[in-house]
Amino acid sequence: MKFLIAAALATLTCTSSNAQEMSYGEAEYLNSCAVCHGLDGKGDGPLGDVLLKRPADLTHLSERNGGAFPYSRVFATIDGRYPVPSHGEREMPVWGRQFLEQDETLYGPSAGEVVTTERIHNLAGYIETLQQ
């Protein structure tokens, strides 16, 4: 089981020379988030105009948090499986649930949870690089 989990995580974190050193977090962002939040995280993605509420500008999260990136809050928001009462109503997809369904299919229930958690960590880490 440990070998399976290690192999799954290694697969997720490996980059291809064809990907021009794109991190897994960046690839996940482009695949799952950019359509709403925009390529640069400014909340200007192509679906932004059709949503009831404009997607958040992700580039100033640290600035709005006294200069420190709110990693745990970003992780919890992306995951979405555990409600954060201070965030109010949720319009963003519950990525933790969606990722877990995919990951459990590929890796089984236990390893699927580990892989899902790693995907969200990579994504939160990439969002941290978008800070201005």
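Residues numbered from 1 in each chain as written. Predicted model: local features only at pLDDT ≥ 70, side-chain atom pairs only at ≥ 80, totals over all residues. Heavy atoms only, no water.

1. Observations regarding the overall build of the protein chain
Then step 1. Within the protein chain, the regular secondary structure consists of six helices and zero strands.
Then step 2. Going residue by residue from the N terminus, the α and β elements of the protein chain occur as α-α-α-α-α-α.
Then step 3. Residue burial in the protein chain is summarised as follows: out of 132 residues, 36% are buried.
Then step 4. Sequence separation of at least 24 residues holds for 44% of the intrachain contacts in the protein chain that already meet a minimum separation of 6. (Helix = DSSP H or I, 4+ residues; strand = E, 2+ residues; numbered from the N terminus. Buried < 20%, exposed > 50% of the residue type's maximum accessible area, 1.4 Å probe, protein only. Contact = heavy atoms within 4.5 Å.)

2. A look at the packing of helix α5 (residues 95-107) against helix α6 (residues 109-129)
Then step 1. The N-to-C vectors of α5 and α6 enclose an angle of 135°; their axes lie 8 Å apart at closest approach. Here α5 is positioned oblique relative to α6, judged by the angle of their axes. Remark: the crossing between α5 and α6 carries right-handed chirality. Facing Gly96, Phe99, Leu100, Gln102, Asp103, Glu104 and Tyr107 of α5, the residues of α6 in contact are Pro109, Ala111, Gly112, Glu113, Val115, Thr116, Arg119, Ile120 and Leu123.
Then step 2. Its residues placed into classes, the contact of α5 with α6 shows eight nonpolar, four polar and four charged. (Axes fitted to C-alpha atoms, helices over the stretch in contact; angles between N-to-C directions. Parallel < 35°, antiparallel > 145°, perpendicular 65-115°, else oblique. Left-handed = near helix turned anticlockwise from the far one by under 90°. Nonpolar A, V, L, I, M, F, W, Y, C, P; charged D, E, K, R; others polar.)

3. Things to note about the side chain of serine 62
Then step 1. Tracing the backbone through its elements, the reader meets serine 62 in the loop between α3 (34-37) and α4 (71-79).
Then step 2. The exposure class of serine 62 is buried, given its relative accessible area of 12%.
Then step 3. If near-sequence neighbours (up to four positions away) are discounted, serine 62 is found in contact with Gly67, Ala68, Phe69, Pro70 and Gln131.

4. Section: the pattern of salt bridges
Then step 1. Across all of its chains, the model carries five salt bridges by this definition.
Then step 2. For aspartate 49, the salt bridge goes to arginine 54, with nearest N and O atoms at 3.0 Å.
Then step 3. A salt bridge links arginine 81 to glutamate 113; the nearest nitrogen and oxygen atoms lie 2.9 Å apart. Pair noted here: arginine 81 is in the loop between α4 and α5 and glutamate 113 is in helix α6, with a separation of 32 residues, a long-range link.
Then step 4. Connected through salt bridges with shared partners, the residues Glu28, Asp103 and Arg119 form a single ionic network. (Salt bridge = Lys/Arg side-chain N within 4 Å of Asp/Glu carboxyl O.)

5. Looking at α4
Then step 1. Looking at α4, one finds that the buried residues are Val74, Phe75, Ile78 and Asp79. Taken down its axis, α4 places every buried residue within 130° of arc, on the same side.
Then step 2. Contact partners of the buried residues in α4: α5 and α6.
Then step 3. Immediately downstream of α4, the backbone of glycine 80 shows phi near 75°, a positive value. (Arc of directions from axis to C-beta.)

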